[in-house]
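Descriptive structure summary
Listed below, chain by chain, are the residues.
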Amino acid sequence: NSELFNLTYGSLVAQLCKDYENDEDVNKQLEKMGYNIGVRLIEDFLARSNVGRCHDFRETADVIAKVAFKMYLGITPTITNWSPAGDEFSLILENNPLVDFVELPDNHSTLIYSNMLCGVLRGALEMVQMAVDVKFVQDTLKGDSVTEIRMKFIRRIEDNLPAGEE
């Protein structure tokens, strides 16, 4: 049930706000928790989606938006704002299901409420040999018209096999 998930996530964020002194520490914890989820979630995703290896970052963006977000959050973000080099793009979420029923208190203006999503994306992609930088650049909770997640390809992670093994 999505409402139960939203309320549970909200309780988690509220507890982190109580446990940590400032929003920056809460943001780091949300990203770290998301990373750990992403590292484990990729196996489920690959098993359930029957998606093969992506050949480039554009194909990866399509799979993230059209398959992964749809499968786990029931939404399909728009892919936009590609960099000229093709190594950076934005996911536009017209409706972020994590923020239903949420209002940020004035004393948490720097909190990135949905930062766990950035960690999930970073962790999952790292498990398929892609180092990426993921961050929120717009957020409807902060008065923006849409929620925008910016993803930048950093490098392909090479498999490091022990010496003598192939």
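Residues numbered from 1 in each chain as written. Predicted model: local features only at pLDDT ≥ 70, side-chain atom pairs only at ≥ 80, totals over all residues. Heavy atoms only, no water.

Taking an unreviewed UniProt entry as the reference, the chain is identified by name as Trafficking protein particle complex subunit 3 belonging to Aquarana catesbeiana. Quoted verbatim from the Function (unreviewed entry) field of the UniProt record, the comment on the chain reads "May play a role in vesicular transport from endoplasmic reticulum to Golgi." (UniProt positions renumbered as here; feature names shortened; annotations may be inferred.)

Another point: the environment of Ser49. By the element assignment, Ser49 lies in helix α2 (residues 23-49). With relative accessibility at 17%, the residue Ser49 sits in the buried group. In this structure the side chain of Ser49 is engaged in a polar contact, spanning 2.7 Å, whose partner is the backbone oxygen of Phe45. (Helix = DSSP H or I, 4+ residues; strand = E, 2+ residues; numbered from the N terminus. Buried < 20%, exposed > 50% of the residue type's maximum accessible area, 1.4 Å probe, protein only. Polar contact = N/O pair within 3.5 Å; in protein donor to acceptor, adjacent residues only side chain to side chain.)

Here six bridges tie strand β2 (residues 88-93) to strand β4 (residues 147-156), and the two strands are oriented antiparallel to one another. Residue pairing in the sheet places Leu93 in a bridge with Thr147 of β4. Here strand β3 (residues 130-138) runs beside β4; their pairing, made up of eight bridges, is antiparallel. Its bridge partner lying in β4, Lys135 is registered against Arg150. (Pairing = 2+ DSSP bridges.)

On to helix α3 (residues 57-73). The largest bend along α3 measures about 35 degrees and falls at Ile64. Turning to α3, its buried residues number three or more, namely Phe57, Thr60, Ala61, Val63, Ile64, Ala65, Ala68 and Phe69. Looking at the buried positions of α3, the neighbouring elements they touch are α2, β1 (78-80), β2, α4 (116-127), β3 and β4. Capping of α3 at its N-terminal end is provided by Asp56; its side-chain oxygen lies 3.3 Å from the backbone amide nitrogen of Arg58. Phi turns positive one or two residues past the end of α3, at Gly74, with a value near 75 degrees. (Bend = angle between axes of the 7 residues up to and from the residue. Contact = heavy atoms within 4.5 Å.)

Following the sequence through the fold, Glu88 ends up in strand β2. A distance of 3.2 Å separates a polar atom in the side chain of Glu88 from a polar atom in the side chain of Arg150. Filtering out sequence-adjacent residues up to four positions away, Glu88 remains in contact with Phe57, Asn81, Trp82, Ser83, Arg150, Met151 and Lys152.

As a further point, take the pattern of salt bridges. By the definition in use, this model includes seven salt bridges. The closest approach of N and O atoms between Arg150 and Glu88, which form a salt bridge, is 3.2 Å. Remark: Glu88 occurs in strand β2 and Arg150 occurs in strand β4; sequence separation between them is 62 residues. Note that Arg122 is salt-bridged to Glu126, the shortest N-O span being 3.9 Å. Remark: Glu126 and Arg122 occur in helix α4; sequence separation between them is four residues, near one turn of the helix. In this structure Arg122 comes out as partly exposed when scored by relative accessible area, which is 25%. The network of salt bridges with common partners includes Asp87, Glu88, Arg150 and Lys152. (Salt bridge = Lys/Arg side-chain N within 4 Å of Asp/Glu carboxyl O.)

The next subject is unusual backbone geometry. One non-glycine residue, Asn50, lies in the positive phi region at around 55 degrees. Structurally, Asn50 is set in the loop between α2 and α3. Exposure remark for Asn50: the relative accessible area of 69% places this residue in the exposed category. The backbone phi angle of Phe101 is positive, close to 70 degrees, even though this residue is not glycine. Along the chain, the position of Phe101 falls in the loop between β2 and α4.

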